[in-house]
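Coordinate analysis (summary)
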Amino acid sequence: MKLKWKIVIGFTVVVIIIGVFQGIYFQYKIEQKFEEYILETESEKITPLKNDLLESFDYYGEWRNPEEILYYYQTSTMGMGQNRMRQGMGMNSAHYSLANKDGVVIASTMEHMVGELESDLTGMKESLILNGIKIGSLIISEPLNNRLMEIQNQYILTVKESIFYGTLLMVVTAALLAFVLAAKMTRPLHYLMSSIEKISKGEHDYRVKLKTNDEFEQLGYSFNNLLDQLEKNEKIRKMLVDDVAHELRTPLTILRGKLESIQEGALEPSEETILRLHDEVYRLSRLVNELQQLSLTDAGILPLNKIKTNIGELVERVMEQLQWLADEKGITLYFDKPSTPCILSVDQDKMTQVFINLIGNALQHTNENGKVNIFIGSAQNCYEIEISDDGPGIEEEHLQYIFERFYRTEKSRTRSGGQGLGLSIAKGYVEAHGGEIRVTSKKSIGTTFTISLPKEK
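Rules used in this analysis
Residues numbered from 1 in each chain as written. Predicted model: local features only at pLDDT ≥ 70, side-chain atom pairs only at ≥ 80, totals over all residues. Heavy atoms only, no water. Pairing = 2+ DSSP bridges. Helix = DSSP H or I, 4+ residues; strand = E, 2+ residues; numbered from the N terminus. Axes fitted to C-alpha atoms, helices over the stretch in contact; angles between N-to-C directions. Left-handed = near helix turned anticlockwise from the far one by under 90°. Contact = heavy atoms within 4.5 Å. Nonpolar A, V, L, I, M, F, W, Y, C, P; charged D, E, K, R; others polar. Buried < 20%, exposed > 50% of the residue type's maximum accessible area, 1.4 Å probe, protein only. Phe/Tyr/Trp six-rings, centres within 6.5 Å; stacked < 30°, edge-to-face > 60°. Lys NZ or Arg CZ within 6 Å of the ring centre and 35° of its normal. Polar contact = N/O pair within 3.5 Å; in protein donor to acceptor, adjacent residues only side chain to side chain. Parallel < 35°, antiparallel > 145°, perpendicular 65-115°, else oblique. Expected span 1.5 Å × (residues − 1). Salt bridge = Lys/Arg side-chain N within 4 Å of Asp/Glu carboxyl O.

**So, the sheet that holds strand S3 (residues 124–130)**
- The strand order across the open sheet formed by four strands is S2-S1-S4-S3, and the pairing between neighbours is antiparallel. Each edge of the open sheet is held by one strand with a lone partner, namely strand S2 (105–108) and S3. Between one strand axis and the next, the sheet turns by 25 degrees as a mean value, whatever way the strands run.
- Note that S3 and strand S4 (residues 133–141) share seven bridges and pair antiparallel. Note that in S4 the partner of isoleucine 129 across the bridge is lysine 134.

Written out as structure tokens, the structure reads:
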């Protein structure tokens, strides 16, 4: 069922339920008010009767012929006039009964009631109090029937009909309003659905344009952001596929060409030729191994052989391996060694590769006679290793992609003989240790990579 019809049906059901409850409530209140009206009328009428009964008891000191007073009020001129009015309305005459202080009926206009208990009688009951003492009770039995019952029923029926037609009118009105509102509310949704259908058919440049000033507009904005991100991811994916193909194609082409030349006799299988072929095979093997390591990192199943390690000593060993590159370019490789050992449980081989990638990258992109600084500091919950250079820096628009696989910047950090996986692997290895790696850079000032590794708990 469509959302529009669900809204219409929902509105209609709510109105019907309200109408039903109104009918039940009004019927209850009408019956209650009719009963209260009768009781109030009788209460006003029997005040003289109560006064006469009290005066009689006060005069004689006991109940003496109280039935005469009861019959008098039932058949008196006022009573006869009221009886005629009652008979005209189809009502029975009221009957009066008197119970003593013990609750036994001692007089009644209905003789068969004499001797009955007050608690067994129905009707309005009024206590007779003389000098603060209860001397008896007056019971008025007056069934609500015939014409008055008919008037009450007719009135209730009229109210029910009014509620029914009013509810019916409200249902129609609510259904129409719900239909209009639902159409207006679902219009942006239909627009979004059609937009999704267009995009699924290949119109990837299509963007949603909603101006509703509500959640639908926010949804459209988020939808466009999602499309933009998907477009960027698709470009990165294509670039990744192209780069992988390129990295694999180059050594394979060299291998194939060299081997075909050897087969045709155009090239001697000398030791130098074999070494070059071996270098290309090593290059292929290294690329495949790095891609395998990245896939394990992405899956969160990279095996780590953690042992207690002094991070400062590990950095010093890497610096010793790369000192030749610093000397070759006249670069000052400076390490601000911490005064206290920084002991962490890490996989030494993988963290060594991380430092080789980052320090080697800094040396490659630092100008001659430049400087590369390494600093290890202690934060509240982690150790931070900073590797800074004073090279040309990285453009701001490239920073967010610097750790992407095979990503190349146009002017800076261009690969020189590598596969473009070094920073991606470094990021994966650091995160596998529960840490993070960040980069900051300014043009013509330099670049800083910061590694944060959590302390032992």
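**With respect to the packing of helix H7 (residues 271–299) against helix H11 (residues 422–432)**
- At a minimum axis distance of 10 Å, the contact between H7 and H11 shows a crossing angle of 35 degrees. Seen from above, H7 lies across H11 with left-handed handedness. Contact residues: H7 offers Glu290, Gln293, Leu294 and Thr297, while H11 offers Ser424, Ile425, Gly428 and Tyr429.
- For the contact of H7 with H11, a count of residues per class yields three nonpolar, four polar and one charged.

**Some words on the pairing of strand S6 (residues 332–336)**
- Burial along S6 is one-sided: the residues Leu333 and Phe335 are buried and none of Thr332, Tyr334 and Asp336 is.
- As paired strands, S6 and strand S8 (residues 371–378) are joined by five bridges and run parallel to one another. Each residue of the ladder has a partner; that of tyrosine 334, found in S8, is asparagine 373.

**Here we look at the sheet that holds S6**
- Taking strand neighbours across the sheet as the criterion, the five strands line up as S6-S8-S9-S11-S10 in an open arrangement whose pairing is mixed. Two strands bound the open sheet, and with one partner strand each, they are S6 and strand S10 (436–442). Strand-to-strand twist across the sheet, computed as the mean angle between neighbouring axes with direction ignored, equals 15 degrees.
- As paired strands, S10 and strand S11 (residues 446–454) are joined by seven bridges and run antiparallel to one another. Each residue of the ladder has a partner; that of arginine 438, found in S11, is threonine 450.

**Observations regarding the packing of aromatic side chains**
- Throughout the structure, instances matching the rule amount to four aromatic pairs.
- Here tyrosine 59 and tyrosine 60 contribute two aromatic rings whose centre-to-centre distance is 4.9 Å and whose plane-to-plane angle is 90 degrees, an arrangement assigned as edge-to-face.
- Looking at tyrosine 60, the relative accessible area reads 39%, which means it is partly exposed.
- Above the ring of tyrosine 429, the side-chain terminus of lysine 350 is found at 5.9 Å from the ring centroid.
- We note lysine 455 situated over the ring of tyrosine 383; from NZ or CZ to the ring centre the distance is 5.1 Å.

**Considerations on the side chain of threonine 273**
- Secondary-structure assignment places threonine 273 in helix H7.
- A distance of 3.3 Å separates a polar atom in the side chain of threonine 273 from the backbone oxygen of glutamate 268.

**Here's the deal with the packing of helix H2 (residues 47–60) against helix H3 (residues 66–75)**
- Two elements in contact, H2 and H3, have axes whose closest approach is 10 Å; the angle formed by their N-to-C orientations is 160 degrees. As far as their axial angle goes, H3 and H2 are roughly antiparallel. For the element pair H2 and H3, the recorded crossing hand is right-handed. On H3, the residues touching Pro48, Leu49, Asp52, Leu53 and Ser56 of H2 are Pro66, Ile69, Leu70 and Tyr73.
- Looking at the contact of H2 with H3 residue by residue, the class counts come to seven nonpolar, one polar and one charged.

**Points about H7**
- The terminal C-alpha atoms of H7 lie 42 Å apart, and with 29 residues this matches the ideal 42 Å at 1.5 Å per residue to within 8%.
- Residues Thr273, Leu277, Glu280, Leu284, Leu287, Glu290, Gln293, Leu294 and Thr297 constitute the buried set of H7.

**Describing unusual backbone geometry**
- Positive phi, normally seen in glycine, also occurs at asparagine 131, with a value near 55 degrees.
- Looking at asparagine 131, the relative accessible area reads 71%, which means it is exposed.
- Even without a glycine there, the phi angle at asparagine 369 is positive, about 65 degrees.

**A few points about the environment of arginine 405**
- Position of arginine 405 among the secondary structure elements: in the loop between helix H10 (396–399) and H11.
- The partly exposed category is assigned to arginine 405, whose relative accessible area is 25%.
- Residues arginine 405 and leucine 421, spaced 16 residues apart in sequence, show a C-alpha to C-alpha distance of 5.4 Å.

**Considering the pattern of salt bridges**
- Overall, the coordinates contain 10 salt bridges when judged by the stated rule.
- Here glutamate 272 ties to arginine 276 by a salt bridge, and the two come within 2.8 Å at their closest N and O atoms. On the criterion of helical spacing, the pair formed by glutamate 272 and arginine 276 is a turn pair, its members being four residues apart in helix H7.
- Salt-bridge contacts for glutamate 384 lead to arginine 438; the nearest nitrogen and oxygen are separated by 3.5 Å. Highlighted residues: glutamate 384 in strand S9 (residues 382–389) and arginine 438 in strand S10, separated in sequence by 54 residues.
- Taking relative accessible area as the criterion, arginine 438 reaches 31% and is therefore assigned partly exposed.

**Some details on the pairing of S11**
- Burial of S11 is extensive: eight of the nine residues sit out of reach of the surface.
- Looking at chain direction, S9 and S11 are connected through eight bridges and run antiparallel. Residue pairing in the sheet places serine 388 in a bridge with threonine 448 of S11.
- Between S10 and S11, which pair antiparallel and follow one another directly, the connecting turn spans three residues, one of which, serine 444, has a positive phi of 65 degrees.

Function cannot be read off these values alone, since they describe shape.
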